[in-house]
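# Summary of the model geometry
The lines below spell out each chain.
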Amino acid sequence: MALNPQYEAIGKGFVQQYYALFDDPLQRPNLVNMYNIELSFMTFEGVQLQGSVKIMEKLNALSFQKINRIITAIDSQPMFDGGVLINVLGRLQADEDPPHAFSQVFVLKPLGNSFFVQHDIFRLGIHDTA
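Okay, so let's go over this structure. (Residues numbered from 1 in each chain as written. Predicted model: local features only at pLDDT ≥ 70, side-chain atom pairs only at ≥ 80, totals over all residues. Heavy atoms only, no water.)

### Observations regarding helix 1 (residues 7–22)
The end-to-end C-alpha separation of helix 1 is 22 Å, in line with the 22 Å expected for 16 residues at 1.5 Å each. Regarding helix 1, the residues found buried are Ile10, Gly11, Phe14, Val15, Tyr18, Tyr19, Leu21 and Phe22. Buried positions in helix 1, seen along its axis, are confined to an arc of 155 degrees and lie on one side of it. Projecting away from the buried face of helix 1 at angles above 90 degrees are the exposed residues Ala9, Gln16 and Ala20. At its buried positions, helix 1 is contacted by strand 1 (41–44), helix 2 (52–61), strand 3 (67–78), strand 4 (84–94), strand 5 (100–111) and strand 6 (114–124). (Helix = DSSP H or I, 4+ residues; strand = E, 2+ residues; numbered from the N terminus. Expected span 1.5 Å × (residues − 1). Buried < 20%, exposed > 50% of the residue type's maximum accessible area, 1.4 Å probe, protein only. Arc of directions from axis to C-beta. Contact = heavy atoms within 4.5 Å.)

In C-alpha cells:
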C-alpha cells in the first residue's frame, strides 16, 4: 500500500466527526463504530485499554454532561500502509471544571474503503508542580 495523498483532509474530517460524537452524550455511544473489536488500543490518562468493548466502557463511564472544546491544531501525516497519523492539540472544559489543555493522538488504519482507530492516546495538559 502507498501513502494516502488525502491524509490532511482525512485527518481534519475525522477529528471533526470524532469530537462531534464524543462531545454529545447522546451520540457518544456511536463512537463504537470507529474502533475495532480487537485491534484498537486506547491510552486514556495513562490507562491502557484494548478493543472496542473496553474502550467504550471507559468512554461511557465519563461523568461529565457538557463539554466545550477548542481545537488549536490538527497535524496529520500519511503512513506507509495507507493509514493516517493525527495529532490534536486543544483546550476543553467539562461541565463547570476549569479549562485544560489537552493532546490526543490517533492512528487511523485502512479497512476496505474506510478507516478504524487503531491507536488513540488522550492526555490532559495538567502539570504537577509539587
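There's more to say after this.
### Points about the pairing of strand 6
The pairing of strand 1 with strand 6 spans four bridges and is classified as parallel. Residue pairing across strands places Met42 opposite Asp120, the latter belonging to strand 6. The antiparallel hairpin formed by strand 5 and strand 6 contains two residues in its connecting segment, where Gly112 sits at a positive phi of about 65 degrees. (Pairing = 2+ DSSP bridges.)

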